[in-house]
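Each chain, written out:
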Amino acid sequence: MLKTESYFENIEDIYQNSPCGFMSIYADGTIISVNDTLLNWLGFEREELIGDKKFQDLLTIGGKIYFQTHLSLLLQLEGVFQEISMEFMAKSLIKIPVLINANKMKEDGTKAIFRLSILNITQRKRYEKELILSRKVAENKTKKLRQINVELERFAYRASHDIQAPLNTFSGIVFLLEENDYVSKNEELKELVQLLKDKTEHMRTMVRDLLEYTKLEGVKKFEPVSLTNALNTAVLMLEGDIYKNSAVVHVLELPEVSGVEIQLTSLFQNLISNAIKYRSEENPIISVESEKSNGFYTIRVKDNGVGIDVKHNKKIFGFMERLPNSDDIQGSGIGLSTSKRIVENHGGKIGVDSEPGKGSTFYFTIPAEKPVRTTV
């Protein structure tokens, strides 16, 4: 007998202190019973509700109208409703957002009794408001960032025009000196003119690469792109450097992906150009191949150049970062940084495996499935 009493006491305790509120009502809303959890939420005493108030009396005005015109009829006709979002009005006049489920339990003489299970979603609503606010803040920041990027691109074009003007002047002066045979008669002047030509060309390269870097900020839609075609275009654009350095580019069939063709072409152009610049004494031999694994294509660009010390593997992808002792090699230090951004825009990663004197293998991944976003 004691065990039976203890069992029912446990059941009663679970009912009264459940994380959910429980209430039993008639179809007209008359409250028959209510558990302690719901009483604590509302701030009422049990005697203030049972026999004195109806379920709809605890609702906001909109909730009362909805119950009388819809839910009460639904209970009488179907005996159930689920996941109804409403607001209770606590004794302190604080609104409590809840989700309510109702089921017909039994008949009490001629009246049906309905059990309501009530979930307090105050915390969830708070999170939803915070999420909406955070989303608005993020959208505003994104909008401002895009505007800044547009202004940055405009500035880059204006600045490049301003820089190009004195460069053209320098080139004109050098041309006149050489045209009038002033240079060949003076070895010291000849060295100075050659230095001026080299530095002017270096500046042109830097301006061009900076412009290419800023173009990555533009919004472009992803489309099907043949990596083979993108690579062939890059090789064609580098035809002069390839011929000048007696380089050979071996290409295996590459897959079709979803991306921005002009950016992927630029990516191949940067990697192949890099392989030619950092050549060894041997003629450059460059091979490009791909493999598919875990939903990604991995593209490898392998060369027989001077190689890279492992400690510089990450540094070289930094903006305007160059390898030590590479001052005599023309470049801006922007190409690999641009390559990194292009790969990341396409949802992949870039890296390098290398060893001094044994060449380098630059690799990047790109999703085999169509990405769901556009580059920003």
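Since the structure is predicted, the reported quantities are computational estimates derived from the model, not experimental observations.

**Some thoughts on the overall build of the protein chain**
Move 1: Counting secondary structure elements, the protein chain contains ten helices and twelve strands.
Move 2: Long-range pairs, those at least 24 residues apart, make up 60% of the contacts in the protein chain with a sequence separation of at least 6.
Move 3: Of the accessible surface of the protein chain, which amounts to about 23,000 Å², a share of 54% is contributed by carbon and sulfur atoms.

**Re the packing of helix α9 (residues 261–277) against helix α10 (residues 335–345)**
Move 1: The N-to-C vectors of α9 and α10 enclose an angle of 145°; their axes lie 9 Å apart at closest approach. Between α9 and α10 the crossing geometry is left-handed. Packed against α9, whose contacting residues are Gln263, Leu264, Ser266, Leu267, Asn270, Leu271 and Asn274, the element α10 presents Gly335, Leu336, Thr338, Ser339, Ile342, Val343 and Asn345 at the interface.
Move 2: Residue classes in the contact of α9 with α10 are distributed as six nonpolar, eight polar and no charged.

**Points about the nonpolar core**
For soluble globular proteins, nonpolar side chains are generally found buried alongside one another.
Move 1: Residues Leu264, Phe268, Phe362 and Phe364 are the most contacted members of the largest nonpolar core, which totals 34 residues.
Move 2: Those elements that provide at least two residues to this core are α7 (227–237), α9, β9 (285–293), β10 (296–302), α10, β11 (350–354) and β12 (360–367).
Move 3: Top element by residues in this core is α9. It accounts for seven residues.
Move 4: The residues contacting Phe364, other than those within four sequence positions of it, are Leu267, Phe268, Leu271, Tyr297, Thr298, Ile299, Val343, Lys349 and Ile350.

**Focus on the packing of aromatic side chains**
Move 1: Following the criterion strictly, the structure yields four aromatic pairs and no others.
Move 2: Seen in terms of ring centroids, Phe55 and Phe88 are 5.9 Å apart; in terms of plane orientation they differ by 80°. Their pairing is edge-to-face. In this pair, Phe55 is assigned in the loop between α3 (46–49) and α4 (61–78) and Phe88 in strand β3 (residues 80–89), connecting sequence segments 33 residues apart.
Move 3: Accessibility expressed as a relative area gives 1% for Phe88, which makes it buried.
Move 4: Three or more aromatic residues link up through ring pairs in this structure, and these residues are Phe55, Phe67 and Phe88.

**Some points on the sheet that holds β10**
Move 1: Strands sit in the order β7-β9-β10-β12-β11 across an open sheet of five strands; the sheet is mixed. Bordering the open sheet on either side are β7 (248–251) and β11, each of which pairs with just one other strand. For this sheet, the mean inter-axis angle between neighbouring strands, taken without regard to orientation, is 20°.
Move 2: In this structure, β9 lies alongside β10, joined through seven bridges in antiparallel fashion. The partner of Ser290 across the bridge, within β10, is Ile299.
Move 3: Relative to the sheet, α9 contacts β7, β9, β10 and β12, its axis offset from that of β12 by approximately 170°.

What counts and what doesn't
- Residues numbered from 1 in each chain as written.
- Predicted model: local features only at pLDDT ≥ 70, side-chain atom pairs only at ≥ 80, totals over all residues.
- Heavy atoms only, no water.
- Helix = DSSP H or I, 4+ residues; strand = E, 2+ residues; numbered from the N terminus.
- Contact = heavy atoms within 4.5 Å.
- Areas by Shrake-Rupley, 256 points an atom, 1.4 Å probe, with all protein chains shown as cover.
- Axes fitted to C-alpha atoms, helices over the stretch in contact; angles between N-to-C directions.
- Left-handed = near helix turned anticlockwise from the far one by under 90°.
- Nonpolar A, V, L, I, M, F, W, Y, C, P; charged D, E, K, R; others polar.
- Core = buried A, V, L, I, M, F, W, Y, C linked by side-chain atoms within 4.5 Å.
- Buried < 20%, exposed > 50% of the residue type's maximum accessible area, 1.4 Å probe, protein only.
- Phe/Tyr/Trp six-rings, centres within 6.5 Å; stacked < 30°, edge-to-face > 60°.
- Pairing = 2+ DSSP bridges.

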